[in-house]
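Now for the letters of each chain:
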Amino acid sequence: MEELLRRELGCSSVKATGHSGGGCISQGQSYDTDRGRVFVKVNGQPEARRMFEGEMASLTAILKTDTVKVPKPIKVLDAPGGSSMLVMEHLDMRYLSSHAAKLGAQLADLHLENKRRGETLQKEASRVGRGGGQEERPFVDQFGFDVVTCCGYLPQVNDWQKDWVTFYAQQRIQPQMDMLAKGSGDRDALELWSALQLKIPDLFLDLDIVPALLHGDLWGGNVAEDSSGPIIFDPASFYGHSEYELAIAGMFGGFSSTFYSAYHNKIPKAPGFEKRLKLYQLFHYLNHWNHFGSGYRGSSLNIMRNLI
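Residues numbered from 1 in each chain as written. Predicted model: local features only at pLDDT ≥ 70, side-chain atom pairs only at ≥ 80, totals over all residues. Heavy atoms only, no water.

1. Section: empty space enclosed by the protein
Part 1 of the argument: Applying the stated criterion across every chain, the model contains one cavity of 30 Å³ or more.
Part 2 of the argument: Considering only enclosed or pocket space, the largest cavity measures out at about 40 Å³ in volume.
Part 3 of the argument: Lining of the largest cavity is provided by L154, P155, Q156, V157, Q171, R172, P175, Q176, F283 and N287.
Part 4 of the argument: Contributing elements (two or more residues each) for the lining of the largest cavity: β7 (154-156), α4 (164-183) and α8 (273-292).
Part 5 of the argument: With four residues, the top contributor of residues to the lining of the largest cavity is α4.
Part 6 of the argument: Partitioned by chemical class, the residues of the lining of the largest cavity number five nonpolar, four polar and one charged. (1 Å grid on protein atoms, 1.4 Å probe; cavity = no way out; pocket = protein on both sides within 12 Å on 5 of 7 lines; lining within 4 Å. Points joined across faces, edges and corners; volume = space filled by probe spheres on them. Helix = DSSP H or I, 4+ residues; strand = E, 2+ residues; numbered from the N terminus. Nonpolar A, V, L, I, M, F, W, Y, C, P; charged D, E, K, R; others polar.)

2. Looking at the pairing of strand β5 (residues 84-89)
Part 1 of the argument: Within β5, five of the six residues are buried, which leaves it mostly tucked inside the rest of the structure.
Part 2 of the argument: Relative to β5, strand β3 (residues 36-43) is paired through six bridges, and the arrangement is antiparallel. Considered in β5, the bridge of V38 is made with E89.
Part 3 of the argument: Taken together, the five bridges between strand β4 (residues 73-78) and β5 define a ladder with antiparallel strand orientation. Residue pairing for β5: L77 is matched across the bridge by M85.
Part 4 of the argument: In sequence, β4 turns back onto β5 through a hairpin of five residues, with G81 there showing a positive phi of about 80 degrees. (Buried < 20%, exposed > 50% of the residue type's maximum accessible area, 1.4 Å probe, protein only. Pairing = 2+ DSSP bridges.)

3. Overview of the nonpolar core
Part 1 of the argument: Ranked by internal contacts, the top residues of the largest apolar core, which has 64 residues, are W164 and F204.
Part 2 of the argument: A total of nine residues in this core trace back to one element, the largest contributor, which is α8.
Part 3 of the argument: Each of domain 1 (1-90) and domain 2 (95-125 + 141-307) accounts for three or more of the residues forming this core.
Part 4 of the argument: Contact partners of W164, with chain neighbours within four places excluded, come to F143, F204, I209, F238, G240, H241 and Y280. (Core = buried A, V, L, I, M, F, W, Y, C linked by side-chain atoms within 4.5 Å. Domains from an automatic or database assignment. Contact = heavy atoms within 4.5 Å.)

4. Some points on the state of the cysteines
Part 1 of the argument: On inspection of all chains with the given rule, the structure shows zero disulfides.
Part 2 of the argument: Not part of a disulfide, C151 finds its nearest cysteine sulfur in C150, a span of 9.0 Å. (Disulfide = S-S within 2.5 Å.)

5. So, the packing of aromatic side chains
Part 1 of the argument: Scanning all chains against the criterion turns up 16 aromatic pairs.
Part 2 of the argument: Considering the side-chain rings of W164 and F238, the 6.4 Å spacing of their centres and the 10 degrees angle between planes classify their relative orientation as stacked. One end of the pair, W164, is in helix α4; the other, F238, is in strand β11 (residues 238-240), with 74 residues separating them in the sequence.
Part 3 of the argument: Owing to a relative accessible area of 0%, F238 belongs among the buried residues under this scheme.
Part 4 of the argument: When the centroid spacing of 6.4 Å and the interplanar angle of 55 degrees are considered together, the rings of F204 and Y280 count as tilted. Taken together, the residues span a long stretch of sequence, with F204 in the loop between α5 (187-199) and β8 (212-214) and Y280 in helix α8 at a distance of 76 residues.
Part 5 of the argument: The buried category is assigned to Y280, whose relative accessible area is 0%.
Part 6 of the argument: These aromatic residues form a ring-pair network of at least three members: F143, W164, F167, Y168, F204, F238, Y244, Y280 and F283.
Part 7 of the argument: Against the face of F238 rests R172, its NZ or CZ located 4.2 Å from the ring centre. (Phe/Tyr/Trp six-rings, centres within 6.5 Å; stacked < 30°, edge-to-face > 60°. Lys NZ or Arg CZ within 6 Å of the ring centre and 35° of its normal.)

Structure, rendered in structure tokens:
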């Protein structure tokens, strides 16, 4: 491994440290190099390279907004034995505590960044004599992402769509239902989904949704802090509705009231927020069902029944 990293990163020295980590998807290990310490995620699954390329694109996109700290991605590599690796900056992370409110404010800034960019471009376009092409990053007016990203190890359909309701129903929930149909063929789930699809547009009446860059998988295990402030990692990014981000955050805990207060101070709750939050949690319960089995069936069906 050290020899591979030396060659691919152009380092003269690479040495494993005692720092390791990982979750239910990938394993990680830190290495000291003459160019600084790096963290390497390794996964042996056939789809791992696509997963890591999506994560690298997500980290790069968040980094460019200059709103909330993420590890700087370096390179996706093929490892011996058919594994894939994602090399990134090593950060000394600890449990999020003292910087929870700061994370709430910075997450709101991340979600508002594209909207603010659009407003700035509009102002600049209205000025007489303003030259074109001076803005490196254009305003994103659709929902989706340039590459496939994975929530867990399952790929997300990120094809660009003008309409958020269409995007969410067809490219988030429908693929999960297709997997269930192929796997368990759960009749209750399929019947409930048929009924729920008709109700979804009613949850978005009079709502103007500007595409926001999302982390995409912001549960308590993917946030941390260091001495400088909060850190988010393991993203599955795309441009979507900012409310979507808070769905998985509320499912498994790890976020304090100060986090939510700071966030909603910048992005207040719109009418119907709580129902839409349940709709967004449905994706994550279905995704967990498809990842880990029928322990998440009851929660998935209950949400659909309640929304119907």
